[in-house]
Amino acid sequence: MLVTLNVQGMSCGKCSKAVEDSVGAVAGVTDVSVNLADAQVAITFDDAVVTIDALKETIEEQGYDVV
């Protein structure tokens, strides 16, 4: 499954790396791509293993807001 989330607060490469690393470490996630210009995170994952809410929580734990 692919989901694209709008994320506020990301402004640099360090921000995108923090999100990519944390979300990428979640079981069931197969790909993470951050687009800083559009403030979006595209995540490919197995929805039998992880929920969208869990992915949002992972991003929010890094200090960013999912809207």
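It should be emphasised that the depicted structure is a prediction, and the values quoted were computed from it without experimental measurement. (Residues numbered from 1 in each chain as written. Predicted model: local features only at pLDDT ≥ 70, side-chain atom pairs only at ≥ 80, totals over all residues. Heavy atoms only, no water.)

**Looking at the side chain of Ser 16**
Okay, step 1: In this fold, Ser 16 is placed in helix α1 (residues 13–24).
Okay, step 2: For Ser 16, a relative accessible area of 12% gives the class buried.
Okay, step 3: For Ser 16, the contacting residues outside a window of four places in its chain are Val 34 and Leu 36. (Helix = DSSP H or I, 4+ residues; strand = E, 2+ residues; numbered from the N terminus. Buried < 20%, exposed > 50% of the residue type's maximum accessible area, 1.4 Å probe, protein only. Contact = heavy atoms within 4.5 Å.)

**Remarks on the environment of Ser 33**
Okay, step 1: Residue position: Ser 33 is located in strand β2 (residues 29–35).
Okay, step 2: For Ser 33, a relative accessible area of 39% gives the class partly exposed.
Okay, step 3: With 15 residues separating them in the primary sequence, Ser 33 and Ala 18 have C-alpha atoms 12 Å apart.
Okay, step 4: With residues near it in sequence (within four places) discarded, Ser 33 still touches Glu 20, Gln 40, Val 41 and Ala 42.

**Remarks on the packing of α1 against helix α2 (residues 52–61)**
The axes of two packed helices give the description: the angle between them and the distance between them.
Okay, step 1: At a minimum axis distance of 9 Å, the contact between α1 and α2 shows a crossing angle of 140 degrees. Classified by the angle their axes make, α1 and α2 are oblique. Read as a crossing pair, α1 and α2 show a hand that is right-handed. Together, Val 19, Ser 22 and Val 23 of α1 and Leu 55, Thr 58 and Ile 59 of α2 make up the contact between the two elements. (Axes fitted to C-alpha atoms, helices over the stretch in contact; angles between N-to-C directions. Parallel < 35°, antiparallel > 145°, perpendicular 65-115°, else oblique. Left-handed = near helix turned anticlockwise from the far one by under 90°.)

**Some details on the sheet that holds strand β1 (residues 2–8)**
Okay, step 1: Pairing within the open sheet is antiparallel, and its four strands lie in the order β2-β3-β1-β4. Here the strands that pair on one side only, and so sit at the sheet edges, are β2 and β4 (65–66).
Okay, step 2: Inspection of the sheet shows β1 paired to β4 by two bridges, in the antiparallel sense. Paired with Val 7 across the strands is Val 66, a residue of β4. (Pairing = 2+ DSSP bridges.)

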